[in-house]
Amino acid sequence: MAQFCRFVKLHDRFNAQVFTFMVPATVLHNCPTELSSKDFVYGQQSWSVKVASRERHLGAFLTLSSPSPGLACILDLSFTLVNAQHFTKNITFVEKNSEYGPDHKVHGRQTFAEPEDLLRRHFLHDRGELMLELEMRNIHNAYHFFMRLPKQPFHHHHHHHLGDASDRMESSYFLYGLSDWSLSLFPDASSTEADGSVAVQLQRHSSFDHLCCVRYRVLLGDSEEAFDSGDMEQILDASGISEPCTLGASVSRLARGRPSLRVSLRMRSAVYISETSVSVLSRCKNRAHLYDRDKQAWLLETDTGGKVVRFKLYYTDVSHVPRGFTRYVSWRLRLVTSSSSSSTTAVLGPYNKYYVQQDLDEGFVMNTDLPVTEVTDPHGIYLDPVDRKLTVYLEWQESHLMMTPHYCSRDDVTRLHKHQMTREIMALQAENYALEKQVYSYQQSMARKDARGQRP
């Protein structure tokens, strides 16, 4: 098995993430051989890595584990075999705009490297394993479908009665973020075709034990007059139904006389939220229990002993982390105002921490710049007017379970490569500086020659 052992998020605008796997050397000696990893998550989709040896070549592949009909997943990927001695010997291949779906679940390269070359050029690490890095970036999840327009005219109704399904047009279900979703259109033909309207509504059909913060974009039609909602962010409660988005155009106009309407739904993210209420007025009741989407228990504690509010998060189930593994968790904290549950005023994070099996967690401190007097004000915007508690949303960003919990010699390889790259950069900078001095000296020499030639 290819063992997932390291993870790093590059924090760029492409949401690039690097996953590192250790591959047993048996894949080089026994041919044909296929080794796969366990599933891991990137871009709200489940993936797995496969390494295969065929005849004289070693291949590396990325597989979409649960493709959904109609949902296209496009991303850039690159595989790198890390050399144990020098970064210039690394072997890399890149695939841009790789499109995944039910008919294309696997992308990669069969002729990635030659096993004999890997053995000869020191690609085996301390325990006779290969180090394989996978970088995934710039992911786009889009659900494309056509909604057939009914032959009969739409009934007269208003959009605040969206529960009336007589005129409802709904897509089939698709899988995203480990939940089932669908999109519904509610046409309103109460007036003429020119000034009719339609309401668009996204709905989640599973995983109701958590709130969900979803970012998405809807496009209706395929012409220049197509409707584009732009990126929308909404928090869905246990009902799973989003707030409707109404546009001032009829479905017939958007379809331009065709019997069906093209709909594109671009899913940006779906982050699950643990909601809890915690006291900030009493130090005896300043703790609240909650669970993440993996059913792991956590404890949130408020600290109002200083001038600003602090939070402390404890991983209560830290003893449940499997022995020999590390769990990486990333999260954000939102403080909800008392005026509306959908209006949040303070976002903290993102934070992340690595956890290994131990008896008790020491806790993770999250500092804020919110004055204690402002947050504890009974008439302020943060405390609920009835129970005088603070409502907090904990957004679970990422969670990965990795082999090799402790620092080891394989970590020295990346540190070695870092210093080698630093030296290369310094050498190039020195060479560039020397060339600039030569150019400057040449320019000065030419200027003196020109000055002597102009003398009478």
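Above: the structure in question.
Residues numbered from 1 in each chain as written. Predicted model: local features only at pLDDT ≥ 70, side-chain atom pairs only at ≥ 80, totals over all residues. Heavy atoms only, no water.

**What to know about the side chain of S330**
Formally: Helix and strand assignments come from DSSP, with helices taken as H or I runs of at least 4 residues and strands as E runs of at least 2, each series counted from the N terminus. Two N or O atoms form a polar contact when they lie within 3.5 Å of each other; inside protein one atom must be a possible hydrogen donor and the other a possible acceptor, and for residues adjacent in sequence the pair counts only when both atoms belong to side chains. In what follows, a contact means two residues having at least one pair of non-hydrogen atoms within 4.5 Å.
Looking at where S330 falls in the secondary structure, it is placed in strand 23 (residues 325-336). A distance of 3.3 Å separates the side chain of S330 from the backbone oxygen of Y351, its partner in a polar contact. Setting aside residues up to four positions removed in sequence, S330 forms contacts with P350, Y351, N352, E395, W396, Q397 and E398.

**A word on the pairing of strand 10 (residues 129-148)**
Rules: Any two strands between which DSSP finds at least two bridges are classified as paired.
In this sheet, strand 10 lies alongside strand 2 (residues 17-24) in antiparallel orientation, the contact comprising eight bridges. For V18, the partnering residue across the bridge sits in strand 10 and is E135. Pairing analysis gives ten bridges linking strand 7 (residues 71-81) to strand 10, with the strands arranged antiparallel. When the bridges of strand 10 are listed, F79 appears paired with L134. Pairing between strand 10 and strand 19 (residues 260-278): eight bridges, direction antiparallel. Across the sheet, R148 pairs through a bridge with S260, a residue of strand 19.

**Section: the side chain of H205**
Structurally, H205 can be placed in the loop between strand 14 (197-204) and strand 15 (211-220). For H205, the side chain forms a polar contact with the side chain of S182, separated by 2.7 Å. Setting aside chain neighbours within four positions, we find H205 in contact with E170, Y173, D180, W181 and S182.

**Observations regarding the packing of aromatic side chains**
Our working rule: Aromatic rings from Phe, Tyr and Trp, with only the six-membered ring used for Trp, were paired whenever their centres fell within 6.5 Å, and each pair was classed as stacked if the ring planes differed by under 30 degrees, edge-to-face if by over 60, and tilted otherwise. Between buried and exposed lies partly exposed: a residue is buried under 20% and exposed over 50% of the maximum accessible area for its type, with that area taken using a 1.4 Å probe on protein chains only.
Under the counting rule described, the total for this entry stands at 22 aromatic pairs. An angle of 50° between the planes, with centres 5.3 Å apart, marks the rings of F7 and F19 as tilted. With F7 in strand 1 (residues 3-9) and F19 in strand 2, this pair connects stretches of sequence that are twelve residues apart. Ring geometry for W47 versus Y100: centroids 5.0 Å apart, planes at 85°, classification edge-to-face. Of this pair, W47 sits in strand 5 (residues 45-54) while Y100 is found in strand 8 (residues 91-100), placing the two residues 53 residues apart along the sequence. Summarising the burial analysis for this pair, W47 and Y100 share the class buried.

**Remarks on the state of the cysteines**
Applied cut-off: Disulfides are defined in this document as cysteine sulfur pairs within 2.5 Å.
Using the criterion set out here, one finds zero disulfides in the structure. Among the cysteines around C245, which has no disulfide bond, C213 carries the closest sulfur, lying 16 Å off.

**Regarding the sheet that holds strand 22 (residues 308-315)**
Sheets are built from strands that pair by backbone hydrogen bonding, the pairs being arranged parallel or antiparallel. Put simply, the rule is: For helices, the fitted line uses only the C-alpha atoms of the stretch in contact; every axis is such a line through C-alpha atoms, and the angle between N-to-C directions lies from 0 to 180 degrees.
Pairing is antiparallel in the open sheet, where four strands are placed in the order 20-21-22-25. Of all strands in the sheet, those with a lone pairing partner are strand 20 (287-291) and strand 25 (364-371), marking the two edges. The sheet shows a mean angle of 25° between the axes of neighbouring strands, direction not considered. Here strand 21 (residues 297-303) runs beside strand 22; their pairing, made up of six bridges, is antiparallel. Within the sheet, the bridge partner assigned to L300 lies in strand 22 and is L313.

**Focus on unusual backbone geometry**
For the peptide bond that leads from G349 to P350, omega is 10°, which places it in the cis range. Structurally, P350 can be placed in strand 24 (residues 344-355). The phi angle at N97 is positive, at roughly 55°, despite the residue not being glycine. Summarising the element assignment, N97 is placed in strand 8. Taking relative accessible area as the criterion, N97 reaches 58% and is therefore assigned exposed. The phi torsion at H122 lies on the positive side, around 65°, for a residue other than glycine. Tracing the backbone through its elements, the reader meets H122 in the loop between helix 2 (115-120) and strand 10. Of the residues examined, H122 reaches a relative accessible area of 42% and is grouped as partly exposed.

These figures come from the coordinates and say nothing about function on their own.
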